[in-house]
Amino acid sequence: MLRVIDRYAFANRLRAVDPAQKAGLAVLVILLCLTLDRPLVGWLALGWMLAVAIWYARIPWRVVIAVLGAESTFLALSVIGVAMSVSFDQPVAARWMTSLGPLWLSVSNESLQTALRLLSRALGSAAALNVLILTTPLVDLIELLRRLRAPALLIEVMTLSYRAIFVLLDTLEQMVTAQTARLGYASWRATLRSSALLGSRLFVVAYQRSQALETALHARGFTGEVRVLPLCYRIDRWLWPIGAVVVASLVVAGWWP
Amino acid sequence: MTALLALEAVSYQFPGSPTPALRAVSLQISAGQRIVVLGRNGAGKSTLLLLASGLARPQQGRIWLNGAPVDYSRPGLRRLRQHVGLVMQSPDEQLFSASVWQDISFGPLNLGLSAEAAQQAVLEAAAMCDVTDLLDRPTHALSGGQKARVALAGVLAMRPRCLLVDEATSGLDLWARQQVVQVFDRLVAQGGTVVLATHDLALARRWADLVVVLHEGQIVVVAPPAQAWADPAVRALIAPPEVWEG
């Protein structure tokens, strides 16, 4: 999933758009989802954000749905917990109930509404965040943080971690392939053993790579601060009116009597 | 004529290692040379390049840059890195930034160039290494050959007069290797020097002006390829007999 998100973040119609513009829209939508306490706001935000991702940014709908689906699974589990009550006594006013031995599982109208409100808020916010991460590579978000004067140490750690994730992922894949070729995962016992060896070896490789990276940084004059040139972006003139329509519709949905 | 870089009786032993990696090595590197360093694994090729680039400090002997001893203070090392660049064996160990543009800009900015001058250096190095079309790409999405050229551009953007290359052509296909060699040729045509540590005998024979053969931390011979090849004792140190028969 990480590689898929990263690939589309670098290959969508909004790739070269200033990350501040995209982040601004996403943050506004998230704030409205969280502050306007109506389920309609969340569902509307979800619809708008799917439209922006699929039709405007031209990200394949399967990818957008797959990312949202993964998040929805976690959200659904949380929402079930909110909607359902567990008690030893039989509930008095429940919309639905069933007994499980001495336990009663029930869903009331209030808890269902709370759960739906929570789900709509969370899905609307998640969709807004998805638009941001599917259209904006992490390197642009780091650049945005740099412009927002985030601490240099945070920027450096994010830059190096992002690069290290992919290097280690490649290494991990190569190691798993090498282990599989030698029946490393042929049985449950072998899987356990191979996984343990993989973990310990990956730690050593990560350490060696960090040492080599440090040497390479020094070879290019590193003096304790990672300084690089800023990236260039364009302002998307259609994203302003689109954002205005989205925000206006959410405000109306949230405040209309 | 003063050598661009000179190693004088340089020795180095890694901490914890029972034997020295380099023993009393002396070598003169002049402008415009194509030098290939040959030797078996563990012969001391990478250590030689680490010392020549100032990343390791010799325990004995001295290194001279343009006739002056290398100063290992921060300004001294900055001066050394303006003249001597090192390309690591694995590009993945060198490329640290998520974008090609930012990775190449790292070196020039460390040299104290202004943003405009650094931008110009990035564009020149990218053109020289034929990676201009990759500038807005993420480094993790590059092929092996592209990574090697971007790593090279990251060092060339610092405009070194002497480029030290540690087996950066190994693992590349013949086309990618040729592209990298063309970059070396462009640098030499501009008056630069390339010192390439490699196991590629064909490349050494075809491309080098001078080969340096290392064996167990000592320089055995410094000579043009044809002359080095003519000595059976040297040939035996470079490759097994079957390779020469082929």
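Every chain is numbered on its own, with residues counted from 1 as its sequence reads. To read the labels, note that chains go from A and ligands from 1, taken in the order they are written. With the structure being a predicted model, the display of local features is reserved for residues of pLDDT at least 70 and the display and counting of side-chain atom pairs for 80 or more, all residues being used for whole-chain, interface and lining totals. Side-chain measures were taken over the full set of non-hydrogen atoms in the model, leaving aside hydrogen atoms and water.

A. Expanded view of the overall build of chain B. Helix and strand labels come from DSSP, where a helix needs a run of H or I of at least four residues and a strand needs a run of E of at least two; each type is numbered from the N terminus. If you tally the helices and strands in chain B, you get eleven helices and ten strands. Over its C-alpha atoms chain B spans a radius of gyration of 18 Å, differing by no more than 12% from the 18 Å that the globule rule assigns to 246 residues. Structurally, chain B occupies a C-alpha span of about 50 × 45 × 40 Å along its principal axes. For chain B, buried positions account for 56% of its 246 residues. In short, Shrake-Rupley with a 1.4 Å probe defines the accessible areas, and a residue's cover is counted only from the protein chains shown. Total accessible area on chain B is roughly 10,300 Å²; 50% of this is exposed by carbon and sulfur atoms. Residues scored as charged are limited to Lys and Arg (positive) and Asp and Glu (negative), so that His and the chain ends carry no count. Here the site of a charge means atom NZ of a Lys, CZ of an Arg, CG of an Asp or CD of a Glu. Positive and negative side-chain charges of chain B, numbering 20 and 20 respectively, have mean locations separated by a distance of 5 Å. For this measure, only C-alpha atoms enter the radius of gyration; the expected value for a globule follows 2.2 Å times N^0.38, where N is the number of residues. For the exposure calls, accessible area comes from a 1.4 Å probe over protein chains only, and a residue counts as buried if that area is under 20% of its type's maximum, exposed if over 50%, partly exposed in between.

B. Broad picture of the confidence of the model for chain B. Per residue, pLDDT measures the predictor's confidence, with a range of 0 to 100. Mean pLDDT for chain B: 90, with 99% of residues reaching 70 or above. Least confident of the elements in chain B is helix α11 (residues 241-245) of chain B, whose mean pLDDT is 80; most confident is strand β3 (residues 34-38) of chain B, at 96.

C. Representation of the packing of aromatic side chains. Here a Phe, Tyr or Trp ring, Trp counted by its six-membered ring, pairs with any other such ring whose centre lies within 6.5 Å, and the pair is stacked when the planes are under 30 degrees apart, edge-to-face when over 60, and tilted otherwise. Across all of its chains, the model carries five aromatic pairs over all chains by this definition. Plain terms: the ring middles of Y162 of chain A and F166 of chain A are 5.3 Å apart, the flat faces sit at 80° to each other, and that makes the pair edge-to-face. With Y162 of chain A and F166 of chain A both in helix α7 (residues 152-181) and four residues apart, this pair spans about one turn of that helix. The same class applies to Y162 of chain A as to F166 of chain A, namely buried. Between Y12 of chain B and F14 of chain B, the ring centres sit 5.0 Å apart and the planes meet at 85°, which makes this aromatic pair edge-to-face. When its relative accessible area of 33% is taken as the criterion, F14 of chain B is described as partly exposed. Put simply, the rings of F222 of chain A together with F96 and F106 of chain B touch in pairs and so form one group of aromatic residues. Geometry around Y56 of chain A places R13 of chain A over its ring, the cationic atom sitting 4.7 Å from the centre. Two conditions define a charge sitting above a ring: the NZ of Lys or the CZ of Arg must be within 6 Å of the ring centre, and it must be within 35 degrees of the ring normal.

D. Representation of the sheet that holds strand β6 (residues 84-87) of chain B. Residue and element names in this part refer to chain B. Only strands that DSSP links by at least two bridges are regarded as paired with each other. An order of β6-β7-β8-β3-β9-β10 is seen for the six strands of this open sheet, with the pairing classed as mixed. Both outer strands of the open sheet, β6 and β10 (218-223), are each paired with one neighbouring strand and no more. With direction set aside, neighbouring strand axes in the sheet form an average angle of 15°. The pairing of β3 with strand β9 (residues 210-215) spans four bridges and is parallel. By the bridge assignment, L38 is partnered in β9 with V213. Contacts between residues were defined by any pair of non-hydrogen atoms, one from each residue, lying within 4.5 Å. An axis is simply a line fitted to the C-alpha atoms; with a helix, the fit covers only the stretch in contact. Between two such axes, the angle follows the N-to-C directions and lies from 0 to 180 degrees. Strand contacts of helix α1 (residues 45-52): β3, β6, β7 (162-166), β8 (193-197) and β9, with the helix running at about 150° to β7, the strand carrying the most contacts.

E. Quick look at the domain arrangement of chain A. Residue and element names in this part refer to chain A. What the domain assignment lists for chain A is domain 1 (2-136 + 234-255) and domain 2 (144-219). An automatic or database domain assignment supplies the residue ranges for each domain. Averaged C-alpha coordinates put domain 1 and domain 2 at centres separated by 32 Å. With eight residues of domain 1 at the interface, the matching set in domain 2 holds eight residues. Note on definitions: buried area is the accessible-area loss of two parts on being combined, 1.4 Å probe, summed for both. The junction of domain 1 with domain 2 conceals about 640 Å² of combined surface from both sides, 56% of it contributed by carbon and sulfur atoms.

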